[in-house]
Amino acid sequence: MAQPAQAQIETLMIAAEDDGARLDRVLAARIPALSRSRLKALILAGEVAIDGRTIRDPSERVKSGTAVAVNVPEPEAAQPAGETIPLVVVYEDDDLIVIDKPKGLVVHPAAGHATGTLVNALIAHCGDSLSGIGGVKRPGIVHRLDKDTTGLMVAAKNDRSHQSLADQFADHGREGPLQRGYLAIVWGAPDRPKGTVDAPLDRHPQAREKRAVRHGGRAAITHWQVLERYAGSDGKPVASLVECRLETGRTHQIRVHMAHIGHPLLGDRTYGSGFRTMAARLSAEAQAALAGLERQALHAYLLVVQHPTTGEPLEFRSELPGDIARLRQVLADQHGRAANGKRSILPKT
């Protein structure tokens, strides 16, 4: 277990009443100064040892009488620096800012992305007003979009607004007006006009960067409806435009859930790699539009939040970005006759 200079070592003995309990839960109860997520990260990083043996599994069962040592590295001293990165600001006041995130923009600094993130851009744009509740690397951030997912995001500009917005996202719109709507182009077409995927998500057992439907994972619910169907040369649906509404907000939720029901997103190399041969059923122009996408066909087009100060609902909509719009237009023009012989029309967003 590494011990960098000036690191703090927390030590404790496992009591009889904790015998057989999970390591992360015991540590969270015994070291209240550190959050459970922080302790879990330290375990995964190899900074926790039991009787001198490094443990990297947060679910490790502990035994009474054993000694646990937690190596807590010095926190990073400074928050990310502000960077002048162009932002499409949809709305802004003294409490919050809503932006239309482009593809390729990482939300906050992380491994491999120390700079050039949305957080760096927000610090430069908002200055000292940006809420610090999210932590030194995530000021103002109350929710996220994947790097290559485009669309609407809200950030808090002060701590009171951050708490209000965070509570809304934690409640998932059950009590308030919060809504999150996405447009996705998926392979094939569901056999029903709409439905719900209720399937818990957790880390993939073999690939840590992925998520998977797993028993015992965190609850995840996605409501979907088909807006357009696109037929292949054989008359069968080759792809469809689907609207998804989130009832929960888990990492990669829509991507995993649509793949789970057999309709992964076009361009999704992580969860849709097994559907690449479907591209052969597209016209040459549609194949070219898909190749130019270079990301999953997913866009956060709708966001409704309650204003932290006035209490009024704020609704924002974003049109499909150019790359997805081109793909959708080609599919509609050349594959727009659905299997039922009717041409669907995308509602104006």
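Residues numbered from 1 in each chain as written. Predicted model: local features only at pLDDT ≥ 70, side-chain atom pairs only at ≥ 80, totals over all residues. Heavy atoms only, no water.

Turning our attention to the overall build of the protein chain. For the protein chain, the count of helices and strands is seven helices and 15 strands. The burial tally for the protein chain puts 46% of its 349 residues in the buried class. Partitioning the contacts of the protein chain with sequence separation of at least 6, the portion at a separation of at least 24 is 67%. For the protein chain, the accessible surface area stands at approximately 17100 Å², while carbon and sulfur atoms represent 48% of it. (Helix = DSSP H or I, 4+ residues; strand = E, 2+ residues; numbered from the N terminus. Buried < 20%, exposed > 50% of the residue type's maximum accessible area, 1.4 Å probe, protein only. Contact = heavy atoms within 4.5 Å. Areas by Shrake-Rupley, 256 points an atom, 1.4 Å probe, with all protein chains shown as cover.)

Here we come to helix H7 (residues 322–335). If you check H7, its first and last C-alpha atoms are 19 Å apart, about what 14 residues at 1.5 Å a residue would give, namely 20 Å. Taken together, the buried positions of H7 are occupied by Asp323, Ile324, Leu327, Arg328, Val330, Leu331, Ala332 and His335. (Expected span 1.5 Å × (residues − 1).)

The final tally for this structure, using the stated rule, is 13 salt bridges. Among the ionic pairs, Asp191 bridges to Arg192, the shortest N-O distance being 3.9 Å. The closest approach of N and O atoms between Arg328 and Glu228, which form a salt bridge, is 2.6 Å. Remark: Glu228 occurs in strand S12 (residues 221–231) and Arg328 occurs in helix H7; sequence separation between them is 100 residues. (Salt bridge = Lys/Arg side-chain N within 4 Å of Asp/Glu carboxyl O.)

Considering the arrangement of structural elements, one finds Asp93 in the loop between strand S5 (89–92) and strand S6 (96–101). Polar side-chain contacts of Asp93 include one of 2.8 Å to the backbone nitrogen of Asp95. A polar contact of 3.0 Å, which involves the side chain of Asp93, links it to the backbone nitrogen of Leu96. In contact with Asp93, not counting residues within four places along its chain, are Lys157 and His307. (Polar contact = N/O pair within 3.5 Å; in protein donor to acceptor, adjacent residues only side chain to side chain.)

Spatially, four strands are ordered S1-S4-S2-S3 in an open sheet, and the strand pairing comes out antiparallel. This sheet does not close on itself; its edge strands, each paired only once, are strand S1 (8–13) and strand S3 (53–55). Taking the axes of each pair of neighbouring strands and ignoring which way they run, one obtains an average angle of 25° across the sheet. With three bridges connecting them, strand S2 (residues 48–50) and S3 associate as antiparallel partners. (Pairing = 2+ DSSP bridges. Axes fitted to C-alpha atoms, helices over the stretch in contact; angles between N-to-C directions.)

Position of Gly217 among the secondary structure elements: in the loop between strand S11 (211–213) and S12. In this structure, the C-alpha to C-alpha distance between Gly217 and Leu201, residues 16 residues apart in sequence, is 4.8 Å. Residues in contact with Gly217, not counting those within four places in the same chain, are Pro200, Leu201 and Asp202.

Before going further, it helps to spend a moment on the pairing of strand S7 (residues 150–156). For a regular strand, the rule is simple: side chains alternate between the two faces of the sheet. In terms of burial, S7 is largely enclosed, as seven of its seven residues are buried. As defined by bridge partners, S6 adjoins S7 across six bridges and the pair is classed as antiparallel. Pairing of Ile97 across the sheet is with Ala155, part of S7. The pairing of S7 with strand S14 (residues 298–306) spans two bridges and is parallel. By the bridge assignment for S14, Gly151 is matched with Ala300.

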